[in-house]
Amino acid sequence: MVNETGAGKTTAAISEFLKRPLVIALVLIVVLLFAGNALSPGFASGQQILRLLIVAALLGIVAAGQNVVILGGREGIDLSVGGVVSLSAIVGGNVMNGADIGIVPAVLACLAVGGFFGLLNGLGVTLLRIPPLVMTLGMLGVLQGLLIVVRQGIPSGQAAPGLSSFVTQPFLLGLPGIIWLWVLIGVAMALMLTRTVFGHRIYAIGSNEHAAYVAGVPVKLMRVSVFVISGMFAAIAGLCLLGYSGSSFANVGEQYMLPSIIAVVFGGTSLAGGKGGYTGTMAGAVLLVILQSILTTVNIADSGRQMVFGATLLLLMLLYGRGRAMRA
């Protein structure tokens, strides 16, 4: 009886822990930092952590839009974000062409590009009833073809010095501007999702689209809106990536397609929609970047990195699934 009681308490403790994916992600971040520092002294130094946060901010900004789409349910997912990131970096680089005076026009142009392709995705999903996975994958193909036609893989345009400084140099309290931008996005996302009618409607649609429709929620308009938001966040990330690298080239955004989805999952947002938030996604982005950096530090081949990366994702999905089973 004592053993059964003890086992029951242990099971309950595990179940309670697994209810908090954000806590799991934060614990793993600390563990990975210690592991990285053990493998490579200086890995957890202040300068290195700052560099990791800059890279995580780029991923986190893309994942912000992905998070909104996934929360909206109906198997919502945006596979076109990588193409939007690439195209926005090229558009931004050509508009500003190395001059600070072109930063504002470049921002507006990139937001227009991201919003336009997000609108096309939303209209395809709502009006043509194309599944989000198929629609956004097809849009990715369109964007990749457009990139080849426009630049043929040749670097084009330069980041303005002001943009590069904003992304890579200390801006406030020793932190680069992109990190403060990411914090601002995090606060805005949290307030939008929890304190506004728009955010409540996203959760309602993700939880039960039919019930939300009966309750008067403009489901089609909301679904178009989340894809537009995703496109615009991807565009912002593309512009920031331009500032980070200094120049743009075709397919530079490919690296963000799957990681932006995985970061959302790591943060505890359900792929079925209606459950989760952006705070966990921010932690998931940091976790992914640290893991990738460790794998690079120990010189693991690309095939090995993919195996470790996939195994980590499966492990977390197993843990979260186990937590749901316990609660059931």
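The model shown is predicted, which means the values in this text are computed figures rather than measured ones.

Visitor: Can you walk me through the packing of aromatic side chains in this structure?
Guide: What describes a pair of aromatic rings is the distance from one ring centre to the other and the angle between the planes of the rings. For the structure on display, the rule yields two aromatic pairs. Note on Phe-116 and Phe-117: the rings are 5.2 Å apart at their centroids and 75° apart in plane angle, and the pair reads as edge-to-face. The partly exposed category is assigned to Phe-116, whose relative accessible area is 44%. We classify Phe-117 as buried; its relative accessible area is 9%.

Visitor: Quick question: what am I supposed to make of the confidence of the model for the protein chain here?
Guide: A low pLDDT means the predicted coordinates there should not be read in detail. Residues of the protein chain with pLDDT of at least 70 account for 86%, and the chain-wide mean is 85. When pLDDT is averaged over each helix and strand of the protein chain, the minimum, 56, is found for helix α1 (residues 2-18) and the maximum, 95, for helix α5 (residues 103-126). Here residues 322-328 is a poorly scored stretch, pLDDT under 50, and it has 10 contacts once near neighbours within four places are set aside; other chains count.

Visitor: Can you walk me through the packing of helix α3 (residues 46-71) against helix α11 (residues 219-245) in this structure?
Guide: For any two helices packed against each other, the geometry is given by the interaxial angle and the distance between the axes. Running from N to C, α3 and α11 cross one another at 165°; their axes reach a closest spacing of 6 Å. Compared by their axis directions, α3 and α11 come out roughly antiparallel. Note on packing geometry: the crossing formed by α3 with α11 is left-handed. Where α3 approaches α11, its residues Arg-51, Ile-54, Val-55, Leu-58, Ile-61, Val-62, Ala-64, Gly-65, Gln-66, Val-68 and Val-69 are matched on the opposing element by Val-226, Phe-227, Ile-229, Ser-230, Phe-233, Ile-236, Ala-237, Cys-240, Leu-241 and Tyr-244. Class assignment of the residues belonging to the contact of α3 with α11 gives a composition of 17 nonpolar, three polar and one charged.

Visitor: Any chance you could explain unusual backbone geometry here in plain terms?
Guide: Excluding glycine, a negative phi dihedral is what most residues carry, and trans is how most peptide bonds are arranged. Backbone geometry places Asn-97, a non-glycine residue, at a positive phi of 45°. Following the sequence through the fold, Asn-97 ends up in the loop between α4 (81-96) and α5. The exposure class of Asn-97 is exposed, given its relative accessible area of 56%.

Visitor: Would you take a moment to explain empty space enclosed by the protein for this structure?
Guide: If you roll a probe as big as a water molecule over the atoms, it shows you where there is empty space left. If you walk through the whole model with that rule in mind, you get one cavity of 30 Å³ or more. For the largest cavity, the calculated volume is near 40 Å³. Only α9 (197-207) and α11 provide two or more residues apiece to the lining of the largest cavity. Sorting elements by how many residues they give to the lining of the largest cavity places α11 first, with four residues. Classifying every residue of the lining of the largest cavity gives five nonpolar, one polar and one charged.

Visitor: When you look at helix α12 (residues 257-266) in this model, what are you seeing that I'm missing?
Guide: Counted residue by residue, α12 has nine buried out of 10 residues, so it is predominantly covered. Within α12, the full set of buried residues consists of Met-257, Pro-259, Ser-260, Ile-261, Ile-262, Ala-263, Val-264, Val-265 and Phe-266. Just downstream of α12, Gly-268 is the residue with a positive phi angle, here 100°.

Visitor: I would appreciate a short explanation of helix α13 (residues 278-297) in the present structure.
Guide: One turn of the α-helix equals 3.6 residues, which is why residues spaced by three or four share an orientation. The end-to-end C-alpha distance of α13 is 29 Å, a good match for the 28 Å that 20 residues give at a rise of 1.5 Å each. Of all the 20 residues making up α13, 16 are buried; the element is thus mostly covered by neighbouring parts of the structure. Positive backbone phi, at 60°, marks Asn-299, one or two positions downstream of α13.

The rules behind these values
- Residues numbered from 1 in each chain as written.
- Predicted model: local features only at pLDDT ≥ 70, side-chain atom pairs only at ≥ 80, totals over all residues.
- Heavy atoms only, no water.
- Phe/Tyr/Trp six-rings, centres within 6.5 Å; stacked < 30°, edge-to-face > 60°.
- Buried < 20%, exposed > 50% of the residue type's maximum accessible area, 1.4 Å probe, protein only.
- pLDDT = per-residue confidence, 0-100.
- Helix = DSSP H or I, 4+ residues; strand = E, 2+ residues; numbered from the N terminus.
- Contact = heavy atoms within 4.5 Å.
- Axes fitted to C-alpha atoms, helices over the stretch in contact; angles between N-to-C directions.
- Parallel < 35°, antiparallel > 145°, perpendicular 65-115°, else oblique.
- Left-handed = near helix turned anticlockwise from the far one by under 90°.
- Nonpolar A, V, L, I, M, F, W, Y, C, P; charged D, E, K, R; others polar.
- 1 Å grid on protein atoms, 1.4 Å probe; cavity = no way out; pocket = protein on both sides within 12 Å on 5 of 7 lines; lining within 4 Å.
- Points joined across faces, edges and corners; volume = space filled by probe spheres on them.
- Expected span 1.5 Å × (residues − 1).

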